[in-house]
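# Geometric and topological summary
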Amino acid sequence: MIDEIKKVEEEIRIFIENLHTKEDLEKFRNIFLVKKGKIQQLFDRMRDLPKEEKPIVGKFLNELRNYAETRFKELSESIAERETKVPKIDLTLPGRIDYIGHRHPIYQTMDRMVEVFVSLGFKVAEGPDIEDGYHNFDALNFPPDHPARDMQDTFFIKSDKNLLLRTHTSPVQIRIMHATKPPIRYIMPGRVYRNEAISARSLAEFHQIEGLYINHKVTFAELKGTMIEFSRRMFGENLRFRFRPSFFPFTEPSAELDITCFLCQGKGCRVCKYTGWLEIAGCGMVHPNVLKAGGIDPEEYTGYAFGLGIERVAMLLTGIDDIRTFYANDVRVLSQF
Ligand code: PHE
């Protein structure tokens with residue numbers, strides 16, 4: 001009887017060596033572990049043994065059953081683990097393409113504009129999106145009752161009436177003046193916020209590049225030259241310019257720069273409001289009060305400043321004629337640029 005137990009043990013050992021799948025496992029159970037399996041059959045035969053042999057055979061049989069059951073448990077666990085880890089691969093499926101992301105067209109435009117100004121000798125600085133009334137308005141010579149401060153245009157921070165989302169990048173001018181001494185030649189790109197009606201031409205959140213040059217005897221001619229040279233490098237040679245007199249509290253004199261709308265080649269479209277011209281920048285000579293607020297003596301220094309809208313330029317470069325398209329985030333559109 002002991003010999004037979006040894007035989008079954010050997011059988012189990014060999015079976016286990018070749019046991020790899022759930023199906024093998026099930027076979028193993030059916031052959032050895034079930035009620036009519038080989039181990040139980042051996043137990044059944046103990047009835048016919050003489051009394052003295054029963055304890056010894058019983059001991060061997062119990063060991064055999066423990067061995068078979070333990071191995072069975074271990075193997076079911078390792079097979080189950082393996083099967084959950086190895087993903088089932090369907091080799092007939094078509095391959096997946098990994099799409100590579102890229103800069104948003106607004107930021108590509110901003111990068112390009114920054115590059116052109118850097119090539120003209122400007123350094124780059126940034127300021128915070130959340131500003132205070134001092135930097136956004138007071139230091140920029142806005143009178144206390146100026147309509148731009150109105151709730152209509154400015155998003156104020158609810159819990160602190162002195163904090164707001166900057167309405168332009170001009171407050172960074174003040175921050176630069178406080179941080180450095182002339183000569184100052186900086187551009188300041190960033191996001192700005194205005195409570196405006198949303199249309200094909202304007203959004204409540206957009207981007208600007210501010211420019212500031214302060215030195216001895218800076219003139220309006222230098223401002224014009226810089227704006228024109230920037231536009232040529234940015235858009236090409238065949239461009240017409242128009243400086244229109246304008247007003248900003250922080251510049252005097254002030255102007256607005258228009259360039260030919262080349263979405264329609266000046267013929268008139270909805271982007272240029274059918275004028276053939278696109279307003280791309282506000283600019284002017286830095287107001288003496290602003291220099292003073294920045295700690296710079298207006299008797300000794302003069303300067304110019306400008307603020308360019310980035311979305312407008314991106315529309316020109318991409319041919320997208322509705323500003324909302326940039327922020328709809330439709331990958332089919334964005335992936336084209
Ligand atoms: N800050 C002005 C605006 O947002 C633009 C500007 C900047 C005008 C610098 C003059 C000088 O409209």
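Before any of the text, the structure's been laid out above.
In what follows, the accompanying structure is described. On a predicted model such as this, the values are computed, not experimentally measured, just so you know.

### So, the side chain of T226
Relative to the assigned elements, T226 resides in helix 8 (residues 220-235). Of note is the side chain of T226, whose polar atom sits 2.7 Å from the backbone oxygen of E222. Among all residues touching T226, those that are not within four sequence positions of it are F117, L120, F122 and Y304.

### Overview of the site of the ligand
Taken together, 14 residues sit near the ligand, with H168, S170, R194, Q208 and G307 positioned nearest. S170 is positioned with one of its side-chain polar atoms (N or O) 2.9 Å from a nitrogen atom of the ligand. Q208 is positioned such that a nitrogen or oxygen atom in its side chain is 3.0 Å from an oxygen atom of the ligand. Starting from 330 Å² of accessible surface for the ligand in isolation, the protein chains cover 91%. The element that contributes the greatest number of residues to the shell around the ligand is strand 10 (residues 302-309), accounting for three residues. For the shell around the ligand, the residue count by class is five nonpolar, seven polar and two charged.

### As for the pattern of salt bridges
What the rule picks out here adds up to 19 salt bridges. If you follow the salt bridges from partner to partner, you end up with R242, R244, D258 and E279 in one network.

### Some remarks on helix 3 (residues 38-45)
What helix 3 keeps buried is the set I39, L42 and F43. One side of helix 3 holds all its buried residues, which, seen down the axis, span an arc of 100 degrees. Of the surrounding elements, those touching the buried residues of helix 3 are helix 1 (2-17), helix 2 (22-33) and helix 4 (54-85).

### Focus on the nonpolar core
M113, F235, I280, Y304, F306 and L308 are the most contacted members of the largest nonpolar core, which has 42 residues in total. Secondary structure elements with two or more residues in this core: helix 5 (105-119), strand 6 (205-215), helix 8, strand 8 (251-260), strand 9 (277-286), strand 10 and helix 10 (310-318). No other element matches the six residues that helix 5 contributes to this core. Among residues more than four places away in sequence, those in contact with Y304 are F122, G211, L212, Y213, V218, T219, E222, L223, T226, G284, M285 and V286. The next biggest cluster of nonpolar side chains, apart from the first, holds 22 residues, and it includes F137, L140, I176 and M188.

### Here we look at the side chain of T318
Mapping T318 onto the fold places it in helix 10. A polar atom in the side chain of T318 sits 3.2 Å from the backbone nitrogen of I320. When near neighbours in sequence (up to four residues on either side) are disregarded, T318 contacts P105, F326 and F337.

### Some thoughts on the pairing of strand 6
Among the eleven residues of strand 6, ten are classified as buried, and the element is accordingly described as predominantly covered. Pairing of strand 5 (residues 184-193) with strand 6 involves ten bridges; the strand directions are antiparallel. The residue of strand 6 that forms the bridge with I187 is G211. Summarising the sheet, strand 6 and strand 10 pair through eight bridges and their orientation is antiparallel. Directly across from E210, in strand 10, lies its bridge partner G307.

### Some words on the sheet that holds strand 2 (residues 130-132)
Taken in spatial order, the three strands line up as 2-4-3 in an open sheet, and their pairing is antiparallel. Among the strands making up the open sheet, the edge pair consists of strand 2 and strand 3 (156-157). Looking at chain direction, strand 2 and strand 4 (residues 160-165) are connected through three bridges and run antiparallel. Residue pairing for strand 4: D132 is matched across the bridge by L163.

What counts, and at which threshold
Along each chain, the written sequence defines residue order, and numbers are assigned to residues from 1. Since the coordinates come from a predicted model, pLDDT governs what is reported: local features require at least 70, and pairs of side-chain atoms require 80 or more to be given and counted, while whole-chain, interface and lining totals use all residues. Heavy atoms throughout the structure, all of them, feed into the side-chain values; hydrogens and water do not. Helix and strand labels come from DSSP, where a helix needs a run of H or I of at least four residues and a strand needs a run of E of at least two; each type is numbered from the N terminus. Each polar contact in these results corresponds to two N or O atoms within 3.5 Å; when the atoms are within protein, one needs to be able to donate a hydrogen and the other to accept it, and residues that are neighboring in sequence are counted only if both atoms are side-chain atoms. Every residue pair with non-hydrogen atoms within 4.5 Å of one another is taken to be in contact. Think of it this way: one heavy atom of a residue within 4 Å of a molecule or strand is enough to make that residue near it. Throughout, the Shrake-Rupley method with a 1.4 Å probe supplies accessible areas, and for residues the shown protein chains are the sole cover considered. Charged means Asp, Glu, Lys or Arg here, nonpolar means Ala, Val, Leu, Ile, Met, Phe, Trp, Tyr, Cys or Pro, and polar covers whatever is left, Gly included. What counts as a salt bridge is simple: a side-chain nitrogen of Lys or Arg found within 4 Å of a carboxyl oxygen of Asp or Glu. Type-normalised accessible area, obtained with a 1.4 Å probe on protein chains alone, sets the label of each residue: buried when under 20%, exposed when over 50%, and partly exposed for intermediate values. Within this analysis, the arc is defined by the directions that extend from the helix axis to the C-beta atoms. Buried Ala, Val, Leu, Ile, Met, Phe, Trp, Tyr and Cys residues that are joined via side-chain atoms within 4.5 Å together make up what is termed a nonpolar core. Only strands that DSSP links by at least two bridges are regarded as paired with each other.

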